[in-house]
Amino acid sequence: MTIRTHPFDDDKLREECGVVGIYGVEQAAARTVLGLHALQHRGQEAAGIVSYDGRQFNAHRALGHVADNFSSEQIIARLKGHSAIGHVRYSTTGETILRNVQPLFADLEFGGFAIGHNGNLTNAHALHRDLVRRGSLFQSTTDTEVITHLMATQLRGSVVDRLIHALQQVEGAYSLVALAQEMVIGVRDPLGVRPLVLGRLGDGYILASETCALDIIGADFLRDVEPGELVVLDSSGVHSLRPFPAQPRRFCVFEHIYFARPDSIVEGSSVYEARKRIGAELAREAPTPADVVIPVPDSGVPAAIGYAAKADIPFELGIIRNHYVGRTFIEPTDHIRHLGVKLKHNANRASIENRRVILVDDSIVRGTTSKKIVEMVRSAGANEVHMRISSPPTTHSCFYGIDTPERAELLAAQNDVKAMAEIIGVDSLAFISIDGLYRAMGRPGRDSNQPQFCDACFTGDYPTRLTDQGVGAPAQLSLLAETA
Ligand code: SF4
C-alpha cells in the first residue's frame, strides 16, 4: 500500500515554512499556536514551538498539522513563558523526520538558543562541510543548523553579535525568528526574499511570516521587518539593527501570485488586490471570446475575478473543491490513484455545459493537474476550454525555500506555450508576461538591470550565488535516512 501526498498537491509548488515569534505576552505559546495555525498553508508536514519561562526553555515538536498536535491543554501548559517562537514546515520526502522539525535548539556558551527559518541557504552544504572538518557534530539535516554551528564557533560577543557573525557567512534566503533568554530576534536576509512582519500585542510584540498570523490573535500590524534588518524584542522594546551592507530588494514575486494567503498584506500590498490586478493585466494581454471565466480553486480565484471584471465576462464557480479531503490519500491501486483527482475537485456542470470556458490558474508546474482539470471541464460539456495563467511560465527551480521539481520536470522548461497547450489539451493557453506581472505590481515593467523582485523561477536570473549547485550538493546534509 502506498501513502502519497494527494496528486493535486503534487503538482503545486510548495512554500516550505512559516514562522512566528512572540515576546512579552502572557501564554505566548498558546498565541504562537494560533499564529502557526493561520500560517498552515506555508507548511503542513511538521510544526514546533519553543518557549522560555524565565528559567528554562520548553519545546514541543511534531509531524503533522498544528491543530492535530497543539490542541491539548497539557502540551500548552508545558510550553510556559512570556516568549516563544514557532515554525511550520513542509519538506520533501525522506526529510520528514522529527530531528529536522524546527525550531532547532542549541545549548551555546551564552545559554539556550532556538531558531526557526523560512527560506533556504544556498551555501549551506559548503559551510556544513567546513564545519564538520572542524569538528561540528550536526543533529539535523537542515540548512538552518549551519547557523547555530557558526554561532558556536564565534568565541566572543553577545548572542546578537554571534548571530550577525553567522549570518554574514551565509548566502541565500532567510526570514528567521530566534529565541534566547529574555529576547526574541527577527532577521530578514539583505535581499528580503521571504516575508517577515512585526506586530504589537498589548505590551508585547509579535513577528510572523504574514499579517494573517497577527489578525488571528488580534495583534496590530506595525510594519514589515526590512530586508537586511535585525530586530531585537526585549523588555525595553524593539531595537532595530542594520548589520549587512544595503542591497536592492528582491522580494519573491511568487508570494504575491500564489504562496501568501490572500487576506495578508505583504511588502505593503494586499495579496488579494495584487492577484486581482494580475488577473486584469492577463485579460488585457491575452483576451479571448468566451461565455464564462472559471477559477481553478482556491488559489486561482482572485486572479479569475480580476480577469472576468476586466474582460466583462461572467465569473462562475465551475469547479467545486471538496474541503474535507485529507492531506494524504491512501491509494491502494493504480485504478484508484487515477481516480484521485476527483476526490478534491468536481466540475459544476450547470455553469460549464455548452459554454466557452476560460479557466484561470496561478501556475503550471508539471502540467498533470491542468490536464486532468481540462479533461474534467470538457466532460462537463464545455464547448471550448481556454487556459490563462497568472504567472509567467515556470522554467527554473527555486533555491530559496520553495519546493520545485528539477528543471527537467517543469513543463515550461521543456516545451513552448503551443506545445504545452497541446499537452494540456486546451484550445488556447496564455501566461501573463513578466513585464505584465511587474505592471500589475505597480512597476513600469521589468528592468533587467535592476529587477525589483526575485523572479528567478521565470527568468533564471538568481539574485544570489548558488554556491552549493556547483559542487553537486545532495538535497539533504546527512547520510542518515530516518523514518518518523
Ligand atoms: S525563484 Fe521563484 S519561488 Fe523562488 S524566491 Fe524567486 S520568485 Fe520566489
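Owing to the predicted nature of the structure, the values given are computational and were not obtained by experimental measurement.

## What about the site of the ligand?
Around the ligand, the surrounding shell consists of Val193, Arg194, Cys252, Phe254, Phe259, Cys398, Tyr400, Ile402, Cys454, Asp455, Ala456 and Cys457. Of all the cavities here, the one that holds the ligand is the largest cavity. Of all the secondary-structure elements, those providing two or more residues to the shell around the ligand are helix 9 (253-259) and helix 18 (456-459). Taken together, the residues that form the shell around the ligand break down as 10 nonpolar, no polar and two charged.

## Brief notes about the packing of helix 5 (residues 124-133) against helix 6 (residues 145-153)
Two elements in contact, helix 5 and helix 6, have axes whose closest approach is 10 Å; the angle formed by their N-to-C orientations is 40 degrees. The orientation of helix 5 relative to helix 6 falls into the category oblique. Both helix 5 and helix 6 take part in a crossing whose hand is left-handed. When helix 5 is examined against helix 6, the residues Ala124, Leu127, His128 and Leu131 are found in contact with a partner set consisting of Val146, His149, Leu150 and Thr153. Residues that form the contact of helix 5 with helix 6 fall into these classes: five nonpolar, three polar and no charged.

## Section: the packing of aromatic side chains
In total, this model carries nine aromatic pairs according to the counting rule given. With a centroid separation of 5.0 Å and an interplanar angle of 45 degrees, the aromatic rings of Phe254 and Phe259 are classed as tilted. Classification of Phe254 by relative accessible area gives buried; the value is 1%. For Phe259, a relative accessible area of 5% translates into the label buried. Relative to Tyr462, the ring of Phe399 lies with its centre 5.4 Å away and its plane at 55 degrees, an arrangement referred to as tilted. In this pair, Phe399 is assigned in the loop between strand 24 (384-389) and strand 25 (402-403) and Tyr462 in the segment after helix 18, connecting sequence segments 63 residues apart. You'll find Phe399 and Tyr462 in the same group, each marked buried. In this structure an aromatic cluster arises from ring pairing among Phe254, Tyr258, Phe259 and Phe458.

## Considerations on the sheet that holds strand 7 (residues 104-108)
Strand order in the open sheet formed by six strands is 7-8-9-10-14-15, with antiparallel pairing between adjacent strands. Pairing within the sheet leaves two strands with one partner each, and these edge strands are strand 7 and strand 15 (237-241). Recorded for the sheet is a direction-independent mean angle of 20 degrees between the axes of neighbouring strands. As judged from the five bridges shared by strand 7 and strand 8 (residues 111-121), these two strands associate in the antiparallel manner. For Leu108, the partnering residue across the bridge sits in strand 8 and is Gly111.

Procedures and definitions
Residues numbered from 1 in each chain as written. Predicted model: local features only at pLDDT ≥ 70, side-chain atom pairs only at ≥ 80, totals over all residues. Heavy atoms only, no water. Near = heavy atom within 4 Å. 1 Å grid on protein atoms, 1.4 Å probe; cavity = no way out; pocket = protein on both sides within 12 Å on 5 of 7 lines; lining within 4 Å. Sits in = over half its atoms within 2 Å of the grid points. Helix = DSSP H or I, 4+ residues; strand = E, 2+ residues; numbered from the N terminus. Nonpolar A, V, L, I, M, F, W, Y, C, P; charged D, E, K, R; others polar. Axes fitted to C-alpha atoms, helices over the stretch in contact; angles between N-to-C directions. Parallel < 35°, antiparallel > 145°, perpendicular 65-115°, else oblique. Left-handed = near helix turned anticlockwise from the far one by under 90°. Contact = heavy atoms within 4.5 Å. Phe/Tyr/Trp six-rings, centres within 6.5 Å; stacked < 30°, edge-to-face > 60°. Buried < 20%, exposed > 50% of the residue type's maximum accessible area, 1.4 Å probe, protein only. Pairing = 2+ DSSP bridges.

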